[in-house]
Amino acid sequence: AERGLATVEVDPLVTLTGSANTIVAQNGGGDLPHLAAYNTDVYGIVAAIREIIRHGPVESVAILGTGATATSALVATRELGADSVVVYGRSASGFAEMRNLAARLGMHLPTYGVEPSSESYCSYRERDIQVLFECAAELSDFDAVISTLPAFAADPIAANLVDIGNEIPGRLGVLLAVVYHPN
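Asks: Please clarify how the sheet that holds strand S2 (residues 22-26) should be interpreted in this entry.
Replies: One key point about sheets: their strands pair by backbone hydrogen bonds, in either a parallel or an antiparallel sense. Pairing within the open sheet is mixed, and its three strands lie in the order S1-S3-S2. Two strands bound the open sheet, and with one partner strand each, they are strand S1 (7-10) and S2. Mean inter-strand twist for the sheet, computed between neighbouring axes without regard to direction, equals 20°. Summarising the sheet, S1 and strand S3 (residues 34-38) pair through four bridges and their orientation is parallel. Across the sheet, residue Val8 finds its bridge partner in S3, namely Leu35.

Set out below in structure tokens:
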């Protein structure tokens, strides 16, 4: 028998971030199935950072990347109460999306990597991500760094941050790598 389309419920975080990562299929109570779309990344990012920084403030956060997971990271920073959020990325369109989301959240979002005249030595527009590895000293000043880069891309950054933390006690924050790696 032919079936109609499913009924769909969209969680408010999906609408806000523009991305869903969990779809739950349920019996719709008739001929149509019911699908519910959720974004669980925001909760996961907040929970992971709060696992390490339990009681103290999370005042400053760097986000590495400008894709769909980065939008979830930006919403998570608002939930964590961060006063300062900086985004590092290579895509001008990605920055535009992040700035639009920040505006909807009532946040100011300085970004690095778009304007060729950027004062940040970590700017890496149209260059390889390798340049980010040189930014560990700057990144170590943040309470948390959320990497939404592809699997293993942040490993050298993490190693540099650990080295800095060993050299300058108390300067090491949290590096959270939010990656999808099915293997």
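Asks: I'm lost on the side chain of Asn39 in this one. Help?
Replies: Position of Asn39 among the secondary structure elements: in the loop between S3 and helix H2 (41-52). Engagement of the side chain of Asn39 in a polar contact is seen with the side chain of Ser72, the distance being 2.9 Å. Residues within four places of Asn39 in sequence aside, it is in contact with Asp11, Leu13, Val14, Thr17, Ser19, Asn21 and Ser72.

Asks: In this structure, what is going on with the pairing of strand S4 (residues 60-64)? I would like to understand it.
Replies: Residues in a regular strand point their side chains to alternate faces of the sheet. Extensive coverage of S4 is indicated by the burial of five of its five residues. Residues Ser60, Ala62 and Leu64 point to one face of S4 and Val61 and Ile63 to the other, with burial holding for every one of them. In the sheet, S4 pairs with strand S5 (residues 84-88) via five bridges, with the strands oriented parallel. Note that in S5 the partner of Val61 across the bridge is Val85.

Asks: Would you mind going over the side chain of Thr77 with me for this structure?
Replies: Considering the arrangement of structural elements, one finds Thr77 in helix H3 (residues 68-80). For Thr77, a relative accessible area of 0% puts it in the buried group. Beyond its immediate stretch of four places on either side in the chain, Thr77 contacts Val61, Ile63, Ala82, Val85, Met107 and Ile146.

The rules we used
Residues numbered from 1 in each chain as written. Predicted model: local features only at pLDDT ≥ 70, side-chain atom pairs only at ≥ 80, totals over all residues. Heavy atoms only, no water. Pairing = 2+ DSSP bridges. Helix = DSSP H or I, 4+ residues; strand = E, 2+ residues; numbered from the N terminus. Axes fitted to C-alpha atoms, helices over the stretch in contact; angles between N-to-C directions. Polar contact = N/O pair within 3.5 Å; in protein donor to acceptor, adjacent residues only side chain to side chain. Contact = heavy atoms within 4.5 Å. Buried < 20%, exposed > 50% of the residue type's maximum accessible area, 1.4 Å probe, protein only.

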